[in-house]
Structure formats: structure tokens, C-alpha cells
Amino acid sequence: MSIEQSFDNKSEALITPEIFYGVHEKAADICIVTFSHAVFEKVLKQFSCKKIADSATANGKIPVYLLEKYGLAFYMSPIGSAVAGTILDEVRCLTGVRKFIYFGSCGILDEEKCSGKIIVPSEAYRDEGFSYHFEKAGNYIEVSKSKELAEILTDLQVSYVVGKTWTTDAIYRETLNNKNARKAEGCICVEMECSGLQAVCNYRHLDLYQFLFGGDLLSDSSWSRGSLGTDIEKSNQIDCFELALKVAERIKS
């Protein structure tokens, strides 16, 4: 059986988050998720945070907090679609959250369009295996809340661009030919989670709001680190958390 036949909606899953963790009362409607340790540490120091759950892994627990001032859940996700998507599904079970806001850095494929702007993915190229277990096969998956998020950013007077993203789990196999193929299809950036996160959200009937900012740059013939791993990137991550708070305020039921 090929990976394109992996999506099975004819039989039940042998294990689910509910079987593993049990059923929990709802703790929040909205969750903000960071991939940045700098953001994670700053939030825990700056805000009154109450731990409401733990996602358990063999590597250790991933704590989920309630930002008590805002009534929002918050946690730091591992990187990569398979693990990020799995933790999302577990947090859904543990907290009852139905709306997830993700933000983080990405690689830029189109510097002219993306430089200095927030990037709102509209579709994600599924260059990973995880999403094929939650969504029927296809090259791209639509990021369902991209239009709503763009409208919010417009209202907030935030400079942004909307476009396709390339989701890959293989950061060290972003080859020149693959980059050129994705760019020719309209992809403006590359990251490691979007298609997997959206597939889980589609399957579980959740809302995904994801925005990105440029870190490194994949040019016509080479790679440039850009702000990746620098204090500038850390500052951008923290700014994006502040923006996520504003987005959360706009999507409250």
C-alpha cells in the first residue's frame, strides 16, 4: 500500500488521545502555541500561568498552561509535523480547546514578497507523511482560516502577505531543484508543520490560525542564515506572541 492510500476513514483508530488520557473538562476555548524557548520562558515569567495539563512523551512532559489574565491555553510545541500534530491532538483532548494559534519562523523562498512582513499560509504543500493519515491524499492542503486571519491583520494594520507554504520534515533535504519546483508552484516560504497541523484540525473539526515570519533565506542558488538563531529572531518571536494575543481577542466566540 502506498502512502497515498494511508488515509483510512473506514475503520476506527486502535488508540486515541481519549483512550490514553481519558475525557477531560474544558479548560479554554483558544490556545496559543509557540515553538520558541525564548517566548516560552518570557511568558512564564511575565504572566500568571497555571499548569492545567501535561502531554506525556518518552522524552518528558510537555506542560500546558492557562494564561489566567486572558483565559487562554499556552504551550511550547516540538518542531516537525508528526510530533507537533500529535501534541495538538493530545492538547485538544486534555483541555477542550477548539481554536489553535501557531506562529514561528520560516525559510523564505520569495524575498521580494515576504521581506519584513508577516506571512499567512493559504495552502501547504504536503512534503511529509503525517498528514496522509488524517486527510485524503493530495499535494496541497488548504489552510482554512487564512482569509479570516488576513482580515484580522488588516484590521490590526499589520503588514502581511498571503501565499502557499512548503511543509517538509527534512530540513537538510531542501534541495535546489525541490525549492525551485515549489517556488514555481507559488510557494513563498518553507516550514515544518503547517500541512500536518491543518490535517489534524480538519479531522478533529478544529480551527487553525497560523502565521509566520522570515528567518533564513533560500535564494536562487544558496542558503543564507538571515536572522535564524539570533537575538533578532528571538525578538521577532516575542513580537509574534504579542500579535497572537491580539488575534486571540478577535476570534473569541
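Please refer to the structure placed before this passage.
These numbers come from a predicted model, not from an experiment. Position labels on residues start from 1 in each chain and follow its written sequence. Per-residue local features are limited, in this predicted model, to residues with pLDDT of at least 70; the limit for side-chain atom pairs, both in listing and counting, is 80 or more; totals at the level of whole chains, interfaces and linings are taken over all residues. Excluding hydrogens and water, the side-chain figures rest on all heavy atoms present in the structure.

So what's going on with the overall build of the chain? Which residues, and what values?
The helix and strand labels rest on DSSP assignments: H or I over at least four residues marks a helix, E over at least two residues marks a strand, and numbering proceeds from the N terminus. Of the regular secondary structure elements, the chain holds 8 helices and 11 strands. The reference for a compact globule is 2.2 Å times residues^0.38; the radius of gyration itself is calculated from the C-alpha atoms. Over its C-alpha trace the chain gives a radius of gyration of 18 Å, about what one expects of a compact globule, namely 18 Å for 253 residues. Across its three principal axes, the chain shows a C-alpha extent of roughly 50 × 50 × 35 Å. Counting across all 253 residues of the chain, residues that qualify as buried make up 47%. Pairs of residues are marked as contacts when any of their non-hydrogen atoms sit within 4.5 Å. If you take every contact in the chain between residues at least 6 apart in sequence, the share linking residues at least 24 apart comes to 74%. Using the Shrake-Rupley algorithm and a 1.4 Å probe, accessible areas are obtained, with residue cover drawn only from the displayed protein chains. For the chain, the accessible surface area stands at approximately 12500 Å², while carbon and sulfur atoms represent 48% of it. Accessible area is worked out with a 1.4 Å probe on protein chains only. A residue is then buried under 20% of its type maximum, exposed over 50%, and partly exposed in between.

Explain the nonpolar core to me, and be specific about the residues and the numbers.
With 32 residues, the main nonpolar core has C31, Y75, L88, F100 and Y102 as its most contacted residues. Among the elements of the structure, β1 (30-34), β3 (60-67), β4 (72-76), α3 (81-95), β5 (99-108) and α7 (194-204) are those that each provide at least two residues to this core. With residues near it in sequence (within four places) discarded, C31 still touches A73, F74, Y75, V97, K99, F100 and I101. Counting 28 residues, the second-largest nonpolar core is a separate cluster that includes F47, L67, L243 and L245. Among the buried residues, those of types Ala, Val, Leu, Ile, Met, Phe, Trp, Tyr and Cys that are joined through side-chain atoms within 4.5 Å form a nonpolar core.

Could you give me a rundown of the pairing of strand β9 (residues 187-191), with the residues and numbers involved?
Across the 5 residues of β9, 5 count as buried, placing the element largely inside the fold. Of the strand pairs in this sheet, β5 and β9 are connected by 2 bridges, and their pairing is antiparallel. Note that in β9 the partner of G107 across the bridge is V190. Once you follow strand β8 (residues 160-168) into helix α6 (residues 176-184) and on to β9, the crossover reads as right-handed. Any two strands with at least two DSSP-identified bridges between them are counted as paired. Whether a crossover is right-handed comes down to one check: with the strands pointing away from the viewer, does the path from the first strand over the helix to the second run clockwise; if it does, it is right-handed.

How would you sum up a nonpolar patch on the surface? Please name residues and give values.
Nonpolar side chains (Val, Leu, Ile, Met, Phe, Trp, Tyr) are joined into patches within 5 Å and like charges within 9 Å, using only residues with over 30% relative accessible area and no salt bridge. A pair is scored as a salt bridge if a Lys or Arg side-chain nitrogen falls within 4 Å of a carboxyl oxygen belonging to Asp or Glu. A contiguous nonpolar patch, built from L14, I15, I19 and F20 and spanning about 520 Å² of accessible area, is present on the exposed surface. Counting through the fold element by element, I15 comes out in the segment before α1 (17-21). Look at I15 and you get exposed, because its relative accessible area is 56%.

How would you summarise the pattern of salt bridges if you had to cite specific residues and measurements?
In the structure shown here, the tally under the stated rule is 9 salt bridges. Linking R92 and E18 is a salt bridge whose minimum nitrogen-to-oxygen distance equals 2.8 Å. Here the residue R92 occupies a position in helix α3, and E18 occupies one in helix α1, the gap between them amounting to 74 residues. Residue classification places R92 among the buried residues on the basis of a relative accessible area of 10%. If you follow the salt bridges from partner to partner, you end up with E18, D89, R92 and R204 in one network.

Now, about the packing of aromatic side chains: what can you tell me, with residues and values included?
Geometry of aromatic contacts follows a simple scheme: Phe, Tyr and Trp rings, the Trp one being its six-membered ring, pair when their centres are within 6.5 Å, and the pair is stacked under 30 degrees between planes, edge-to-face over 60, tilted otherwise. Taken as a whole and judged by the stated rule, the model has 13 aromatic pairs. With a centroid separation of 6.1 Å and an interplanar angle of 20 degrees, the aromatic rings of F40 and F74 are classed as stacked. Separated by 34 residues along the polypeptide, F40 in helix α2 (residues 37-46) and F74 in strand β4 bring together distant segments of the chain. Pair check on accessibility: F40 and F74 agree, each one buried.

In short, the description is geometric, and any link to function would need to be established separately.
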